[in-house]
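The primary structure of each chain is shown beneath.
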Amino acid sequence: MDAERIGESDWNELQQNLEATIPVYDKVNRFATLGQVSRWRRMVRERLPSSGRVLEIGCGPGSFAEDFEGEELVCLDPIPEMLRVAEGRVGPKRESRGESAVEFVEGTAEELPFEDSSFDAVCSLFSFRDWFDKRAGLAETLRVLKPGGVFVMVEPAKVNRLHGVMGWLWMRLWVSSYARLFYNSESNPWKWLTKTYASFGTTKDYVRMLEDTGFEQVSAKLVFPGMATIWQGRSPEAE
Ligand SMILES: C[S@@+](CC[C@H](N)C(=O)[O-])C[C@H]1O[C@@H](n2cnc3c(N)ncnc32)[C@H](O)[C@@H]1O
């Protein structure tokens with residue numbers, strides 16, 4: 001596992017562990033981020049258009065999608081159980097707001113099952129770190145975006161190596177201790193949070209990767225209190 005790739009057996013184990021987090025996913029996230037996760041989700045929502053077709057890659061149990069009030073939403077995840085839970089949560093909320101039904105699609109970022117230029121915006125929250133081939137996933141993201149479309153992603157921050165050590169300690173001591181209340185220490189699936197964070201790259205690594213892929217107007221913002229970064233990029237405008 002490194003800043004660009006996760007090997008097949010590690011990724012399969014990671015996916016099993018992610019599935020095991022479903023029952024306490026939001027509870028642990030709120031605790032881990034001192035309640036800031038809702039604010040970061042709102043910041044992502046504010047960067048997305050309210051009209052047009054939006055794709056969320058790695059929707060998990062629907063924690064972001066349920067409050068997204070956009071016109072047309074497609075939620076993608078490789079784990080069928082994530083999609084099932086998300087559907088039960090997001091569908092009724094959108095219906096109560098009089099919005100269109102969501103399309104739930106099983107798949108991975110690295111092989112998006114969509115036509116070229118089919119989305120006005122794409123977002124990914126706390127999922128990019130888990131993609132097994134980040135360059136391939138970003139190339140696919142760019143492919144499905146319409147010209148001028150926006151891509152927004154958020155992940156735990158790692159500004160530099162020292163910041164990475166502090167983040168690692170936070171996850172290892174604070175988050176894992178809390179998560180262990182719900183699991184025994186051997187089976188605690190949250191240990192994968194620390195593992196994927198340890199091999200995750202820095203903010204600049206992914207600014208460069210987004211630019212290498214062909215995204216334009218790439219930016220990254222460390223958000224208060226320094227625990228998360230939001231990256232943004234646009235697909236080139238048509239000639
Ligand atoms: C931690 S959850 C994030 C859930 C949600 N987006 C949120 O805001 O909390 C990460 C999700 O990314 C998904 N994921 C992992 N690898 C992926 C890949 N290669 N392509 C797309 N999604 C992936 C996982 O299945 C998991 O449901």
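Residues numbered from 1 in each chain as written. Predicted model: local features only at pLDDT ≥ 70, side-chain atom pairs only at ≥ 80, totals over all residues.

1. Notes on helix α4 (residues 80–96)
Each α-helix winds once per 3.6 residues, and so residues spaced three or four apart point in a common direction.
Then, in step 1: Here α4 spans 24 Å end to end across 17 residues, near enough to the 24 Å set by a 1.5 Å rise per residue.
Then, in step 2: Considering bend angle alone, the principal kink of α4 is centred on E87 and spans about 30 degrees.
Then, in step 3: Among the residues of α4, those classed as buried are M82, L83, V85, A86, V90 and R94.
Then, in step 4: For α4, the elements touching its buried residues are β2 (72–77) and β3 (103–106).
Then, in step 5: With its phi angle positive at about 75 degrees, G98 sits one or two positions after the end of α4. (Helix = DSSP H or I, 4+ residues; strand = E, 2+ residues; numbered from the N terminus. Expected span 1.5 Å × (residues − 1). Bend = angle between axes of the 7 residues up to and from the residue. Buried ≥ 20, exposed ≤ 12 C-beta atoms within 10 Å, placed from the backbone. Contact = placed C-beta atoms within 7 Å.)

2. Description of unusual backbone geometry
Then, in step 1: In this structure, P225 follows F224 across a cis peptide bond, with omega equal to 0 degrees.
Then, in step 2: When you line up the elements, P225 lands in the loop between β6 (216–223) and β7 (228–234).
Then, in step 3: At Q217, a position not held by glycine, the phi torsion is positive, near 50 degrees.
Then, in step 4: With respect to the element layout, Q217 can be found in strand β6.

3. Points about the site of the ligand
Then, in step 1: Looking at the ligand, there are 21 residues lining it, with G58, G60, A109, L125 and S127 nearest.
Then, in step 2: Residue composition of the shell around the ligand, by class: 12 nonpolar, six polar and three charged. (Near = placed C-beta within 6 Å. Nonpolar A, V, L, I, M, F, W, Y, C, P; charged D, E, K, R; others polar.)

4. Examining the packing of helix α6 (residues 161–179) against helix α7 (residues 191–199)
Then, in step 1: With their axes 9 Å apart at the nearest point, α6 and α7 run at an angle of 175 degrees to one another. Overall, the two elements α6 and α7 adopt an arrangement that is roughly antiparallel. Residues G167, W168, M171, R172, V175 and S176 of α6 pack against K191, L193, T194, Y197 and A198 of α7.
Then, in step 2: Class assignment for the residues of the contact of α6 with α7 results in six nonpolar, three polar and two charged. (Axes fitted to C-alpha atoms, helices over the stretch in contact; angles between N-to-C directions. Parallel < 35°, antiparallel > 145°, perpendicular 65-115°, else oblique.)

5. A closer look at the packing of helix α2 (residues 25–32) against α6
Then, in step 1: Where α2 contacts α6, the two axes come as close as 10 Å, and the packing angle between them is 150 degrees. Relative to α6, the element α2 lies roughly antiparallel. Considering the relative orientation of α2 and α6, their crossing is right-handed. Only V175, Y178 and A179 of α6 make contact with α2, whose side of the interface consists of V28, F31 and A32.
Then, in step 2: Residue composition of the contact of α2 with α6, by class: six nonpolar, no polar and no charged. (Left-handed = near helix turned anticlockwise from the far one by under 90°.)

6. Quick look at the pairing of β6
Then, in step 1: With six bridges connecting them, β6 and β7 associate as antiparallel partners. Paired with V223 across the strands is A228, a residue of β7.
Then, in step 2: Between β6 and β7, which pair antiparallel in sequence order, lie four residues; one of them, G226, sits at a positive phi of approximately 85 degrees. (Pairing = 2+ DSSP bridges.)

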